[in-house]
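# Architecture at a glance
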Amino acid sequence: MRVTNTMQHIQLLKNLRNNNTGIIDWQNKLATGRRIHKPGDDPVGVGYYMRYNSEINRTNEFLENANTGLGFLNTMDEMMQQTSDVLKRARVLVQQASTGTTPDDARQHIAAEIQQLKEQLVMIGNSSYSGRYLFNGQKTDQRPYSLTDPANDRTDRGVYYLNVSPNVSVPVSISGEEIFGEAGAADNAFRVFDEILAHLNNNELDLLRADMERIDGLSDRVNSVWAEIGARTNRFELVKERIQDQLVSLKDLRSKVGDADMAEAIIELTQRENVLQASLAVGARIMQVSLIDFIR
Amino acid sequence: MRSTFHGLETSKRAILTQHTALLTVGHNIANAATEGYSRQRVNLSATRPIEAPGMQSSVAPGQLGTGVQYDSIERLRDSYLDLQYRRENASLNMWLVRNSTLDSIVALINEPSESGLRSVMDKFWNSLEVLNRDPGLLSARIDLVGAAVNLTDTLNALETGLQALESDIQQSINRKVNQANVLIENIANLHTLIRRTEAMGNNANDFRDQRDLLVDQLSSIIDIQVIETPEGDYSIVAGGVTVVANDAFTPLTADSVTTAAGGELAGYRYSLEEITYIRNQLNAMVNTLVNGEITVRLENGYMTSSDMVALNEVRLADGTIIPAGQTIPAGSEIVTPVEFRVNGFNGLHRLGYALTDGRTDIPFFTTSDGSGTFTLGNIRVNAEIRNNTNLVAASGKYEIVGTDRVAIRGNSDIAHALTGLRDKVFQFPANLTSLSSGTIDDYFRALVGDLGTRSNNALRQAGNLQNVTDAVNMRRQEVSGVSLDEEMAEMLRFQHAYNAAARNMTTVDEMLDRIINNMGLVGR
């Protein structure tokens, strides 16, 4: 084979070009710690990488949703505790009032306290979380219960859903009527309180004894709603834990697809550096030598 | 009968011929680094010996040599390698242009990154979750509108980028056509010079080198076919059109882009196709998101404001049961889960009611040109919504207060359904990507993966062709390139021959001196 100077040039430049391309590639991987910089680096991997990024962003939002849901439910839980306390106190008072030994004027005092308890219940019914009424379904801007006639106030039955994973939403809100009974119905808590007040004022002891059972009925309903709230809280807490686990595994997966293997990158880069140095040295050495150096 | 001065004449011829050979060595060395130069060789041959056969010839034995002459100076070149080089070079340049355009598109799409379209879309979908968390919250609405404007701005910027790329390519096409025309004109002009030179029986080596170099350069721009007949007729067909016929030439026009099968011009044609392709894909994604037909389910029911048809059996608040496919009158409150067929994001948003005045049928996205088809360039967030975030219709129910319609503030049924669109499987136009149905996110990922495959392919093709072209070029240099070592050796050879011829002349001179000046002087 005839070798000319231009051939040596072309060969050297070609080798330098190839070596430098390899070096810049690995250098970029090493400097950023990432394996995929553009779709062409791994057309299949890039899809996964983008998916994991989206999922992580999305899952963070689901976590936020779960936190919001938990905030709501914890407040509701607190309210159920208070409702239960109110009902317990009311039962004690009604029991006290229903015995014949209690003097009539004492019943008046009891009536005053029952009135206070009723107002307490209205307050609970009107409780809010971050500026939104808890027990009025979707009409979060409207106070569900009035002080004057809460027994006949209708609450909205719309449900407030939060997404906790793709295609899975969990209901959060509970309508006031589910807790305190349907508007105007015989077992509506406010109506029961109104009637207890009337019975106290009229000293109707038999009816007061029956009222104790009605209070028990109210407690049962509150307890079942409370249990429902507890179940939802558990669900959100489980979801939250799962989301946190998921975030870890998603980040792990993303790292597996998208991160450069540092050890490999360093070794590859060093290897290519050596080759580059060798090719530079060879070029410098060969190009210096010519027949001209040896003829006088 | 030989002449007295025969020896002098022989040496003179040798000196002159070796001189020529040395001059040619010098020419080669001078052009060792000249692009397109082919090394030249002086073809030496012995001159006619004496005596020529004939009746008058002497009876002296043997034939006496008369020295050396050169017949021609020729260049060493393999036209088959030229053919190969030009073919590969045209392909190489086509793929280089295509690769660089794909690189630009990849840079424009900017994936995977934390500032590309994917991340902007993530933010948009996430802000819908925020709205669903608290539909009455002003900051949630501002956040959503901000994210949506960010999304449309990003899409618009992609279109602007693609357009800039296209106009750059158009300009490059014009520039390349002009450059090709200058080359074509020069090739035709050189033909005249070569013709004239070779008519005199000489080889037009340097002119031919120049012409070959110009043809090489032309092969970068467009695929060419060179036809040279033994009679010296020379023509070039570029992109199927004869552009050079001897000294006549036909300039290329911008239309040559459509006929070019190789070279940068073909690369530009493919580049424009790549841009159109990616634009069509992105347009399909945008239009499908905004307009694509989809079935949505509203778990909490819905309050109709006009006559509607549901896909399932529904119960109204007053207990009426309306079977699937039958008209639900305006103003009915549906209390069971209801399914509707709607046209994409806009169609679903049109179902919703605005926060304050209960307005409905508000498109979330609008087009800047009023067209019904959404594209990268024309998609905008409805200006009304931008100016008044209360018009984000998150609610699916309203109530009548007095005579006014008022949306239920805490109702986020529509916002909730909008967040669900992210997981809905849409139908996409066929033949654009490997994906004909999938979520919007899936489609974008498929599109990016697809782009990656094509840019990878272009990079590999360009790399392979670079190697092939380099290899052919190496072979060409092997045949035609100047080797300085070789020229040095030749130089020594001719120098020695020259010196020896001069010495020979001196010897003949001394011989004649002896005869003329010193002979017949016996005893003097």
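Let me sum up the structure you'll find in this document. Remember, it's a predicted structure, so these values are computed and weren't measured experimentally.

The helix and strand inventory of chain B stands at twelve helices and 20 strands. In summary, chain B has a C-alpha radius of gyration of 42 Å against a globular reference of 24 Å for 524 residues, an excess of more than 25%. Considered along the principal axes of its C-alpha atoms, chain B spans approximately 160 × 40 × 30 Å. For chain B, the residues scored as buried account for 50% of the 524 residues in total. A fraction of 69% describes how many contacts in chain B between residues 6 or more apart in sequence connect residues 24 or more apart. Total accessible area on chain B is roughly 23700 Å²; 52% of this is exposed by carbon and sulfur atoms. Averaging the positions of the 44 positive and the 61 negative side-chain charges in chain B gives two centres separated by 5 Å.

This part is about the overall build of chain A. Tallying secondary structure elements over chain A gives seven helices and four strands in all. The order of helices and strands in chain A, counted from the N terminus, is α-α-α-β-β-β-β-α-α-α-α. Taken over the C-alpha trace, chain A has a radius of gyration of 38 Å; the compact-globule value for 296 residues is 19 Å, which it surpasses by more than 25%. For chain A, the spread of C-alpha atoms along the principal axes amounts to about 140 × 30 × 25 Å. Counting every position in chain A, which comprises 296 residues, the buried fraction comes to 45%. Taking as baseline every contact in chain A between residues at least 6 positions apart, the subset at least 24 positions apart corresponds to 70%. When the accessible area of chain A is evaluated, it comes to approximately 14800 Å², of which 51% is carbon and sulfur surface. Both charge centroids of chain A, one from 33 positive and one from 40 negative side chains, sit 14 Å from each other.

All right, on to the sheet that holds strand β4 (residues 234–238) of chain B then. Residues and elements named next belong to chain B. Spatially, β3-β4-β5-β6 is the arrangement adopted by the four strands of the open sheet, whose pairing is antiparallel. Both outer strands of the open sheet, β3 (224–228) and β6 (248–249), are each paired with one neighbouring strand and no more. Pairing analysis gives five bridges linking β3 to β4, with the strands arranged antiparallel. Of the residues in β4, the one forming a bridge with E228 is Y234. Contacts between helix α5 (residues 205–221) and the sheet are confined to β3 and β4, with β3 contributing the most and set at about 155° to the helix.

Glancing now at the nonpolar core. Residues A:I114, B:F340 and B:F365 are the most contacted members of the largest nonpolar core, which totals 171 residues. With 20 residues, helix α2 (residues 43–98) of chain A is the single largest residue contributor to this core. If near-sequence neighbours (up to four positions away) are discounted, B:F365 is found in contact with B:F124, B:A148, B:L151, B:T152, B:V290, B:F345, B:N346, B:F374, B:I379, B:R380, B:V381 and B:N382.

All told, the structure shown has 61 salt bridges over all chains when counted by the stated rule. Salt bridges linked by common partners bring B:R75, B:R77, B:D82, B:R86, B:D209, B:D212, B:D216 and B:R476 together as one network.

This brings us to helix α3 (residues 117–133) of chain B. Here α3(B) spans 24 Å end to end across 17 residues, near enough to the 24 Å set by a 1.5 Å rise per residue. Within α3(B), 16 of the 17 residues are buried, which leaves the element mostly enclosed by the surrounding structure.

Residues and elements named next belong to chain A. With five of its five residues buried, strand β3 (residues 161–165) lies for the most part within the structure. Of the pairings in the sheet, the one linking β3 to strand β4 (residues 168–171) comprises four bridges and is antiparallel in character. Paired with N163 across the bridge in β4 is S169. Adjacent in sequence and paired antiparallel, β3 and β4 are bridged by two residues, among which N167 carries a positive phi angle near 65°.

With respect to the element layout, A:I10 can be found in helix α1 (residues 5–32). The residues touching A:I10, leaving out its near neighbours within four places in the chain, are B:N473, B:M474 and B:Q477.

Another point: the interface of chain A and chain B. Tallying the contact residues gives 50 residues for chain A and 54 residues for chain B. Each partner contributes to the roughly 4700 Å² buried at the junction of chain A and chain B, and carbon and sulfur atoms together form 50% of this total. The largest share of the area that chain A buries against chain B comes from A:R2, A:M50 and A:Q138, three residues that together contribute 16% of it. Where chain A touches chain B, the interface holds seven salt bridges. A salt bridge links B:D423 to A:R58, with the nearest nitrogen and oxygen atoms 2.7 Å apart. Between chain A and chain B we count 33 residue pairs in polar contact (both at pLDDT 80 or more) in total. Among the elements that make up the side of chain A that touches chain B, the one with the highest residue count is α2(A) (15 residues). Here the side of chain A that touches chain B is composed, by residue class, of 19 nonpolar, 19 polar and twelve charged.

Here the focus is the packing of aromatic side chains. The final tally for this structure, using the stated rule, is 17 aromatic pairs over all chains. Pairwise contacts between aromatic rings join B:F124, B:W125, B:F345, B:F364 and B:F365 into one cluster. Here the basic side chain of A:K29 rests over the ring of A:W26, its NZ or CZ set 4.3 Å away from the ring centre. Directly above the ring of B:Y234 sits B:R211, whose terminal nitrogen or CZ lies 3.5 Å from the centroid.

Analysis parameters
Residues numbered from 1 in each chain as written. Chains lettered and ligands numbered in written order. Predicted model: local features only at pLDDT ≥ 70, side-chain atom pairs only at ≥ 80, totals over all residues. Heavy atoms only, no water. Helix = DSSP H or I, 4+ residues; strand = E, 2+ residues; numbered from the N terminus. Rg over C-alpha atoms; globule rule 2.2 N^0.38 Å. Buried < 20%, exposed > 50% of the residue type's maximum accessible area, 1.4 Å probe, protein only. Contact = heavy atoms within 4.5 Å. Areas by Shrake-Rupley, 256 points an atom, 1.4 Å probe, with all protein chains shown as cover. Lys, Arg positive; Asp, Glu negative; His and termini not counted. Charge placed at Lys NZ, Arg CZ, Asp CG, Glu CD. Pairing = 2+ DSSP bridges. Axes fitted to C-alpha atoms, helices over the stretch in contact; angles between N-to-C directions. Core = buried A, V, L, I, M, F, W, Y, C linked by side-chain atoms within 4.5 Å. Salt bridge = Lys/Arg side-chain N within 4 Å of Asp/Glu carboxyl O. Expected span 1.5 Å × (residues − 1). Buried area = accessible area lost by both parts, 1.4 Å probe. Polar contact = N/O pair within 3.5 Å; in protein donor to acceptor, adjacent residues only side chain to side chain. Nonpolar A, V, L, I, M, F, W, Y, C, P; charged D, E, K, R; others polar. Phe/Tyr/Trp six-rings, centres within 6.5 Å; stacked < 30°, edge-to-face > 60°. Lys NZ or Arg CZ within 6 Å of the ring centre and 35° of its normal.

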